[in-house]
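Observations on chain architecture
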Amino acid sequence: MTEQIEQISLPNGIRVVLEPMPYVKTAAFGVFVGVGSVCETKENNGISHMIEHMLFKGTKSRSAKALADITARLGDTVNAYTGKEYTAYYGVTTAEELDCLMEVLSDMLLHSVFDSKALSKEKGVIYEEIDMYNDSPDDLVHEMAQKRVWRGHPLGFQISGNKSIVRGFTREHILTFYQKEYRPERMVLSVAGAFEKERVTERLLQLFCPRGQRSAGALKREDAVWDARYGKRYKAAFEQKEFVPVQNRAAAEYTRSFCRAKRDTSQIHMNLVFPGISYLDEKRYIAAVFHSVLGGSNNSLLFQKIREEEGLAYAVYSYGCPYAKEGLLHIDAVSAPSQAEAVFCHSLEVCDTLREKPVSEETLRTHKALIRTEAILSKESVQSRMEGNGRAVMLRGHVVLQEEELEKIERVTAEDLKQYANQVLCPEKLSICLVGEMGGAETKLLRRFEKM
């Protein structure tokens, strides 16, 4: 079925993306705000995450308990998360309750009171969350790696912040940051599922665009040509990258690093890091196939070599972390400390193989088919469509239709993967982060790191 996605702008600058799915009985709604830890300083790191929590703690017309009651009625799916470059608030409910879901989220976004007593209590919750991440080697090895390679830049900040800074937040701090950063032009509203487009559009106008912010002509539709689907003005904005608020920040500079943290575990968690690409880079389609081949599935080269052939680790995989102006490529493995050096060596062997010769056509076909299947399966969910559309408009300025994305994936060649491997898998730029029981592994790996 052809996707019917429409993008509009409210008069106050809030962007809206709509995808009706008349064959389902549910609907998803989300508000994406271009504010995350990358917008912070060392002095207020964690404040974006604090605001996310506080929006659930009461509005001018609803207490925290009243919000909990109504979200339970909606299906108990209303949730939120804070990222490095944006924060998302969302929910999924029945088609009949979509209006209520939109109203509740608008109330939280626009009319939260940030009560001082509630703030004091919520700090305790966030302290526990910080401890949870620090006690999890899986999370800690990733956070430490990013902090070190983006040394001193907000992109390396921990999203939840640290206790000493969070402890000092006051209601005034929260309000000042909220009023400065939560601006209409930084917001994207995304709706997917069973709804009537005109009714939902009018309702969003009422909820998110007060009459004082409206101008003659009300809604602004992007209806000229972007690949016969998007407006000329929108295309110009995309090419100039003006639509992404975080584009205004300074780019982060990658710093090659070696770091470690001893923890009382029986295993060592190893994260290998290379500088990657931005999510605005057209090579992102090559990167998608590349990650699938390298370590994105049980059929990947890393998994087959390190787990299946050598039996050195239970878990080994790769993933990309693309941002607006830069990116990272991670390889993550969990093994016994005595096996860590062998895991490291075999990981680099796989990287060398990808740099030196093209993958087979059979391997290429297998991973393209895997990506296609995963993409199509994800489109079965109204929440997945809502989130995908919202993120796309927030981060790239427009939605690329799935058929177009799959066409670009299909055009990726084995030579493209080889060239990409030579671009990103540079041994002299490799960083290493270790968390867990060292057992002498850190000394061996540091020696190898220093010789590269």
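Scroll up for the structure.
The notes below deal with the structure included here. (Residues numbered from 1 in each chain as written. Predicted model: local features only at pLDDT ≥ 70, side-chain atom pairs only at ≥ 80, totals over all residues. Heavy atoms only, no water.)

Remark: the empty space left among the atoms is shown by a probe the size of a water molecule rolled over them. The space that makes up the largest pocket amounts to roughly 1,600 Å³. Contributing to the lining of the largest pocket are 46 residues, with A288, P322, R391, R396 and E405 lying nearest its centre. Put simply, the parts of the chain that give the lining of the largest pocket at least two residues each are β4 (79–82), α10 (284–295), β10 (315–322), β11 (327–335), α13 (361–378), α14 (382–396) and α15 (402–410). Counting residues per element, the lining of the largest pocket draws most heavily on α14, which supplies seven residues. Here the residues of the lining of the largest pocket sort into 23 nonpolar, 15 polar and eight charged. Its volume calculated, the second largest pocket comes out at about 410 Å³. What lines the second largest pocket is a set of 20 residues, among which N45, K147, G156, F157 and Q158 lie closest to the centre. When residues of the lining of the second largest pocket are traced back to their parent elements, those giving at least two are α4 (116–134) and α5 (137–149). The element best represented in the lining of the second largest pocket is α5, accounting for five residues. Taken together, the residues of the lining of the second largest pocket sort by class into seven nonpolar, eight polar and five charged. (1 Å grid on protein atoms, 1.4 Å probe; cavity = no way out; pocket = protein on both sides within 12 Å on 5 of 7 lines; lining within 4 Å. Points joined across faces, edges and corners; volume = space filled by probe spheres on them. Helix = DSSP H or I, 4+ residues; strand = E, 2+ residues; numbered from the N terminus. Nonpolar A, V, L, I, M, F, W, Y, C, P; charged D, E, K, R; others polar.)

This paragraph deals with α13. Counted at 1.5 Å a residue, the expected span for α13 with its 18 residues is 26 Å, and the 26 Å between its end C-alpha atoms agrees. Of all the residues in α13, the buried ones are L364, H367, K368, I371 and A375. One side of α13 holds all its buried residues, which, seen down the axis, span an arc of 105°. Those residues of α13 that are exposed and aimed more than 90 degrees away from the buried face are E362, R365 and L377. Next to the buried residues of α13 lie α10, α15 and α16 (414–424). (Expected span 1.5 Å × (residues − 1). Buried < 20%, exposed > 50% of the residue type's maximum accessible area, 1.4 Å probe, protein only. Arc of directions from axis to C-beta. Contact = heavy atoms within 4.5 Å.)

Counting 53 residues, the largest nonpolar core has F29, Y182 and L204 as the members making the most contacts within it. In terms of nonpolar packing, the next biggest core, distinct from the first, is built from 48 residues, V289, V316, A340 and F344 among them. (Core = buried A, V, L, I, M, F, W, Y, C linked by side-chain atoms within 4.5 Å.)

Within this structure, the stated rule accounts for 10 aromatic pairs. Measuring from ring centre to ring centre gives 6.3 Å for W150 and Y254, while their planes differ by 85°; the resulting arrangement is edge-to-face. Residue W150 is located in the loop between α5 and α6 (163–167), and its partner Y254 is located in the loop between α9 (232–240) and β8 (258–262); the two are separated by 104 residues in the primary sequence. As far as the burial class goes, W150 and Y254 line up, both buried. Grouped by ring-pair contacts, the aromatic residues F32, Y81, Y86 and Y90 constitute a single cluster. Sitting over the face of the ring of Y127, R167 holds its NZ or CZ atom 5.3 Å from the ring centroid. (Phe/Tyr/Trp six-rings, centres within 6.5 Å; stacked < 30°, edge-to-face > 60°. Lys NZ or Arg CZ within 6 Å of the ring centre and 35° of its normal.)

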